[in-house]
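A structural walkthrough
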Amino acid sequence: MATEAAIGADLVEAALEHARRLGADQAEAFYTESTSDSVDYENNRLAGIDSSSSRGIGIRVLAGGRVGFSSTSILDRVEDAVEAALQTARLTEVEKRPFSLPAGGSIDADISDREVEAISVGELVEMGRQAVDRLQPLADGLLAGAGAGRAVATVRIGNSAGLRSSCRRSSWSFFALAQRVQGTSVLWCYDGGASMHRDLDVDGAIEGASEKVRLSLKEGRLETGRRPVVFTPAALAALLASLYGAVSAPAIYRKTSPLTGRLGEQVLSPMLSIEDDNRPEAGRAGAPFDEEGVAAFAFPIVEHGVFRNVVADLRFAARLDVAPGRGRRSGYASAPFPGAGNWAMAPGTTPLEELMSEAEGGLLVDSLLGMHGSNLANGDFSANIGLGFAIGAGGEIQFRVKDAAIAGNFYELLGDRLLGLSAERRWGYSGTELLPSALCADVAIT
Amino acid sequence: MAIAAHPDLEQDLARVCRELKDRCEYLEIRVEEAESTDLSFQGPDLESLNQRQERGGDVRALVAGAWGFTSFNRLDDVDEMARAAIAQARLVGGGPVKLAPVPAVADRVPRALVVDPAELSLDDKVERVRAMNAIVLAYGKPITTSTSYYADRRARIWLANSEGTGLYQERADIQAGIAALAAGEGRVQRRSFSTGSSTDASLPGLTEEAVLDACRQCDGLTQAAKPKAGEYTVVIDPKLAGVFAHEAVGHLSEADHIHENPRMREIMTIGAELGVPELEIYDTGLVPGSRGALRYDEEGVLAGRADLIRGGRLVGRLHSRETAGALGETPTGNARAISYRFPPIVRMRSTYIGPGSATREEVFKGIKRGLYCVESQGGQTNMEMFTFSAGVAFLIEDGEPGELLRDVTLTGNTFKTLKDIEAIEDVTTPSEAGGGCGKGGQAPLPVGFGAPHLRIREVRIGGD
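Residues numbered from 1 in each chain as written. Chains lettered and ligands numbered in written order. Predicted model: local features only at pLDDT ≥ 70, side-chain atom pairs only at ≥ 80, totals over all residues.

1. Here we look at helix H5 (residues 238-253) of chain B
Because an α-helix completes one turn every 3.6 residues, residues spaced three or four positions apart along the sequence face the same direction. Heads up, the condition is: Bend is the name given here to the angle between axes fitted to two runs of seven residues, the run ending at a residue and the run starting at it. Counting from the N terminus, the helices are the DSSP runs of H or I reaching at least four residues and the strands are the DSSP runs of E reaching at least two. Residue burial is a threshold on neighbouring C-beta atoms within 10 Å of the residue's own C-beta, all placed from the backbone, with 20 or more meaning buried, 12 or fewer meaning exposed, and counts in between meaning partly exposed.
Bending of H5 of chain B peaks at approximately 30° at the position of His246 of chain B. Counting buried positions along H5 of chain B yields 16 of 16 residues, so the element is predominantly enclosed.

Given below as C-alpha cells:
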C-alpha cells in the first residue's frame, strides 16, 4: 500500500534529520514492515494458525568516531530512539579503522513473487494436511507434523550519505516431519525447504520425509570403529556451521578462527569449492542489496580448497581491509553484523549411487544432534547421529543405526578424508545452501 | 527511558474481550511494553551498546477447540487483530482443545527489585562489565582475548481474557557473562562464566573469583588432553546436573510433548519408575531472584511448584491450560512466551534436583577411574538421547579429581542414565546462568537451575 510505503519513508527521513540536528557525523535508519501467516501441524492435526504484522526502525549513528545503535517499534517515538542511539555512542570505543556509510547505488526494488504472495492460508492448511495424510499411515504409532508459512517484507534503508534504498520481497517455507516413539527409542524424520519463489517442492518434501520413515522401519546397531560416512546435504549443512564461523570477519579479526592469516592457503580438500552469492536469484538469502545498502554480488569463499574471502560488513571490512557487502541484521532491532549470503558448493563428478557403494560397511548420516556443543573454533565436533543408516553391499541401505555418535574435525573430514562429492546437489532446509552429498573416510563412530 | 502506558489500555482490552466473547470459546489479549539494554566487549573494546524500546501485543482465540493467533505492534490494531484471530481459529475447523478451568484473576504485580536496571546509568552498566572483562585481559598468557556481555530487559505486561481476567505484571531479567579465549597448540580454547537475576541488576553472582576461575580453567585447557572415548563413571557438578535435569527430564515433562503422543504417554505414566529411589526433580516459579521466578504465567495462572519426580517415580508434569485440559490434570503455571510475538507454550521456570544423602566426599569415594564433569557448554536432547558438552572435566583416579581434560562430550539414553545414578549429594546448589532455553522457535527464555553433585555409572564419552 502506498500509504504504508510513505510512512516508512517518512520515518527514515525523520530519523536521519533528527540525528543530523543532534550532531551525528553519520546516521543510518533501517525500517522494516512485514506480514506473515503460518500453519502448524503437530501430532497429526492442525494445531494452530499464526498471523503476524510487524514494523519497527533501527537507528545507527556515528559520532566522534563511535558507533551507537537503538531501535523501537513505537513509531511515534522515533526521536527518542535517535537520542538513545546517540547516548550509546558516547560510550563505545572510537573505531580504529573508521568506515563510511555507502552513498551511491540507491535501489528501489520489488522482487516479491506474486505467486508466493497469492498463497492463501487455506492453501497452507491444505499442504500441511497432505503431509499428515501421507506420513501417518506409514507406521503404527507414527505422529506426523508439518509447517507451512508465507511472509512479505519491505526493507527500507536510508543514510546520511544520501543512500535511499528499498526492497519488497516474499518468501515461504514448508516442512514435513514424522516422529515415532517406541519403548525408549525415538525416531525423527524431517524434510522441507524455503524459497522466495513458488518453486518449492512440497510433494518432494513429503516424499523425502516418507522415504526416511520407510528406511527406518528396520533398526540395528553398529560396532564402534572407523568407517566411511556419506553425509547428506542436510548433514553437510550442519557440519558447515564450523566454516560459517571460521570465515566470518569477527572471528578472523579477533584471531579466534582457525583460518586467521590463512587467506590464499589450502585449508580444505581441492575437491571443495564454495561460492557465496547474495543476489536475488541465488537463493532465499538474496536481495538486490545487503542490509547496509551495499549492492549484492557473488564471491568465492573456498576455491579448490583454498580460502579466498572473508565474510564482512562495513565495519569489519574497514578493520580487515577486505570487501564489505555481507551486512546482515536479524530484524529492525538488530545492529548490522557480518553474515553469509547463499552458499553453493560445487558438485562432484561421482553419481550419488556410486558414492554410496564406495561406502559399503559405513554410514549414511542425515542429521546430527548436539553439534552446537562442539568446539567450533577448532572444527572439532562430537555429536549424536539423529538419523543415520548402515550401508551394505552395492550402497544398499540396510537399517537405521540406533544410539550411535560421531566425532572428528571439520578440517580433517573435509580435507584429507574427503573422498568424493556427489554430482547431485540439493537445497538445504533453509533455502540458502545448495550442496552435494559428501563421502568421507575413516570417521570415528562410537 | 520510561514509556507512558496507553491511559485507557486496561479498559480497552477488557472491552474487546467483552465484545467478542460470544464469537469464540475463549479470547485473550496480551500487550507488552519493554525497554532493554545490551552491550558487549570484544577484547578491551566496548564493541556494541544497544538500547531498545518495544510495544506490541497478541491475541489468542479459541473456536470449536482450535486456536488462532495474531501479533502486531500497533495498538490501534487490537480490535482488528482480535477479529482476525477468531477468523483463523474458525478456519482451522475444529480441534480437541479444552482449557482446564482456572479462576479469573484481577491483580497487579509490580516489580520487586533489589536493584532496578533503570536505576543504573548506561555508564554504570558499561563499567561493571568493563571491570570483569579487564580481569580476563590482565590474566596474561596463554589467554589472548576476552568477550563479555551484559543485557537487561524490563517489561510491563497486560493480560485480559474473555473469562474476566485482568492482570498487569512488571518483570525484569538481567544477565551478564564473560569468556576467556586462549590459543595453544594450534587450538583455541574458550571458557566462560555467566549469571543472571530477575531482581538484581547489580548481579552479585558476577564476582572476581568466578571470572578468575574461568581464566584458570581456560589456561589449563590449552595443555589438556582429550579423554579416550568409552564408558566412564562420571560425577557431574551442580551446574551440569542442573542443565541435565532441564534438558533431559524437564523437556520430557512438558505435557505438550505427551498429551497427543501415545507412546510418550506410556513412558511418562504417572507412577512410572524413571529413576533411582532417591531422585527428586521439580520445577518452580517460587525461587526469589531466579531468572525463572514467576508470579503468574502468560495465561494468568499462579506459578507454584510442580513436582516431577519423587522417590524415583514420575509424579507430575508441566502444564498449560490446554495440556492440563487434555490430560484431566491441573494447570501448573508453566505457559510462557518470550514476547508478544509468540503464543504461550509449556515451558520450564526454575528446574531443580532435590538433595540426596551422600556427602560430597562420598560422591567421589570409590571411583577407581572416572571423570568429574563441570558446567555445561550446551547440550541437546531428542527425547531418548542426550548430548552434553562439559565446560571442563577432570580425570578421577581413586576417588580424587586430577588431570584436566578438554572437549568432553557426554552422550546417552536419558531413561537408562536416570537409573544409573549411584549417588546424590546432600545439598542442592542453585545456579543462574545467562542465555536461556529454546523451544518452538522461542529463545532465549529465562530459566533457572539447581542441583546437587551426581555420580552416574556407564556414561558414554565421545572422542576420537
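2. Structural notes on the sheet that holds strand S23 (residues 448-451) of chain B
Residues and elements named next belong to chain B. Definition in use: Whether two strands pair comes down to DSSP finding at least two bridges between them.
Pairing within the open sheet is mixed, and its six strands lie in the order S11-S10-S9-S14-S23-S20. Taken across any chain shown, the strands that pair with only one partner, and hence form the sheet edges, are strand S11 (313-314) and strand S20 (429-431). Examined bridge by bridge, strand S9 (residues 281-284) and strand S14 (residues 350-353) share four bridges and lie antiparallel to one another. Counted as the bridge partner of Thr284 is Ser350 from S14.

3. So, the interface of chain B and chain A
Just so we agree on the cut-off: We call two residues in contact if the C-beta atoms placed from their backbones are at most 7 Å apart. In this classification, Asp, Glu, Lys and Arg are treated as charged, Ala, Val, Leu, Ile, Met, Phe, Trp, Tyr, Cys and Pro as nonpolar, and every other residue, Gly included, as polar.
Counting residues at the interface gives 64 residues for chain B, matched by 61 residues for chain A. In terms of residue count, strand S2 (residues 45-63) of chain B provides more of the side of chain B that touches chain A than any other element does, eleven residues in total. Each residue belonging to the side of chain B that touches chain A can be placed in one class, and the counts come to 22 nonpolar, 28 polar and 14 charged.

4. Overview of the domain arrangement of chain B
Residues and elements named next belong to chain B. Put simply, the rule reads: Residue ranges assigned to the domains are those given by an automatic or database domain assignment.
With domains assigned, chain B is organised as domain 1 (9-221) and domain 2 (230-461). The C-alpha centroid of domain 2 is placed 22 Å from the C-alpha centroid of domain 1. Domain 1 puts 38 residues into the contact, and the matching count from domain 2 is 30 residues. Taken together, the elements giving at least two residues each to the side of domain 1 that touches domain 2 come down to strand S1 (26-42), S2, strand S3 (66-72), strand S5 (143-161), strand S6 (166-184), strand S7 (187-197) and helix H4 (208-221).

5. Thoughts on the domain arrangement of chain A
Residue and element names in this part refer to chain A. What the domain assignment reports for chain A is domain 1 (2-212) and domain 2 (219-446). At the interface, 34 residues of domain 1 touch 29 residues of domain 2. Those elements that provide at least two residues to the side of domain 1 that touches domain 2 are strand S1 (26-42), strand S2 (45-63), strand S3 (66-72), strand S5 (142-159), strand S6 (164-182) and strand S7 (185-195). A total of seven residues in the side of domain 1 that touches domain 2 trace back to one element, the largest contributor, which is S7. Class assignment of the residues belonging to the side of domain 1 that touches domain 2 gives a composition of 18 nonpolar, twelve polar and four charged.

6. Some words on the confidence of the model for chain B
For clarity, the threshold we go by: A residue's pLDDT is the predictor's confidence in that residue, given on a scale from 0 to 100.
Summarising the model, chain B shows a mean pLDDT of 94, and 97% of its residues fall at 70 or more. Prediction confidence for the complex, expressed as pTM and ipTM, is 0.90 and 0.86 respectively.

7. Comments concerning the environment of Ala346 of chain A
Residue and element names in this part refer to chain A. The topology assignment puts Ala346 in the loop between strand S15 (342-345) and helix H10 (352-358). A tally of 18 C-beta atoms within 10 Å means that Ala346 is categorised as partly exposed. Sequence separation between Ala346 and Pro300 is 46 residues; the distance between their C-alpha atoms is 11 Å.

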